[in-house]
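# Per-entry structural report
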Amino acid sequence: QVQLVESGGGLVQAGGSLRLSCAASGSIASVNAMGWYRQAPGNQRVLVALIFNSGGTNYADSVKGRFTISRDNAKNVVNLQMNSLKPEDTAVYYCNAQIRPSFVSRLSDYWGQGTQVTVSA
């Protein structure tokens, strides 16, 4: 059974930093893209940052220059370093990964349980 487990959310003042981590575990054959999404109350879930197994990245315009996504392919871990946090970054952050489980022929999307990030003014 493949699962994603997140850690690192919390409460921080504006201008502060937080680091989120997400580890994929289970019987995994391969992992393609890994990323972070966020969902604020009353809003849709949106992409924050994405990293491919080649190392290429995509960022939402709102976080460019402040957030950095990274991954450890050997450990199937993706991290999100969030600096210069703003109150509008407050949301539940979800880890996502495209994973091919062992003995399965295709990739599927997997999601973490979500971790709350709250930035106070």
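Below, the structure is looked at part by part. Going along each chain's sequence as written, the residues are numbered from 1 onward. Only residues with pLDDT of at least 70 get local features here, since the model is predicted, and only at 80 or more are side-chain atom pairs given and counted; chain-wide, interface and lining totals rely on the full set of residues. The side-chain quantities take in all heavy atoms of the structure and omit both hydrogens and water.

### Comments concerning the environment of Gly16
This is how it is decided: By the criteria applied, helices consist of DSSP H or I runs no shorter than four residues and strands consist of E runs no shorter than two, each listed in order from the N terminus. The classification of residues rests on relative accessible area computed with a 1.4 Å probe and restricted to protein chains. Under 20% of the type maximum is buried, over 50% is exposed, and intermediate values are partly exposed.
Following the sequence through the fold, Gly16 ends up in the loop between β2 (10-13) and β3 (18-25). Look at Gly16 and you get buried, because its relative accessible area is 18%. For the pair Gly16 and Lys86, spaced 70 residues apart in sequence, the C-alpha to C-alpha distance is 8.3 Å.

### A closer look at the sheet that holds strand β8 (residues 77-82)
As a reminder of what qualifies: The criterion for strand pairing is that DSSP finds at least two bridges linking the strands in question. Angles here are taken between N-to-C directions and fall from 0 to 180 degrees, while the axes themselves are lines fitted to C-alpha atoms, restricted in helices to the stretch in contact.
Strands sit in the order β1-β3-β8-β7 across an open sheet of four strands; the sheet is antiparallel. Each edge of the open sheet is held by one strand with a lone partner, namely β1 (3-7) and β7 (67-72). Strand-to-strand twist of the sheet, defined as the mean angle between neighbouring strand axes without regard to direction, takes the value 15°. The pairing of β3 with β8 spans six bridges and is antiparallel. Looking at the pairing, Ala23 lines up with Val77 of β8.

### Quick notes on the packing of aromatic side chains
When we look at a pair of aromatic rings, we describe it by the centre distance and by the angle of the planes. To keep it simple, the criterion reads: Two rings belonging to Phe, Tyr or Trp (six-membered ring only in the last case) form a pair when the distance between their centres is within 6.5 Å. Interplanar angles under 30 degrees mark stacking, angles over 60 mark edge-to-face geometry, and anything in between is tilted. Ring-over charges, as used throughout, are those where CZ of Arg or NZ of Lys falls within 6 Å of the ring centre and within 35 degrees of the ring normal.
Within the structure shown, the criterion is met by one aromatic pair. With a centroid separation of 5.0 Å and 65° between ring planes, the pair formed by Tyr37 and Trp111 is classed as edge-to-face. In this pair, Tyr37 sits in strand β4 (residues 28-39) while Trp111 sits in strand β10 (residues 108-111), placing the two residues 74 residues apart along the sequence. The partly exposed category is assigned to Trp111, whose relative accessible area is 37%. Positioned over the ring face of Trp111 is Arg45, at 4.7 Å from the centre of the ring.

Just distances and angles here, no functional claims.
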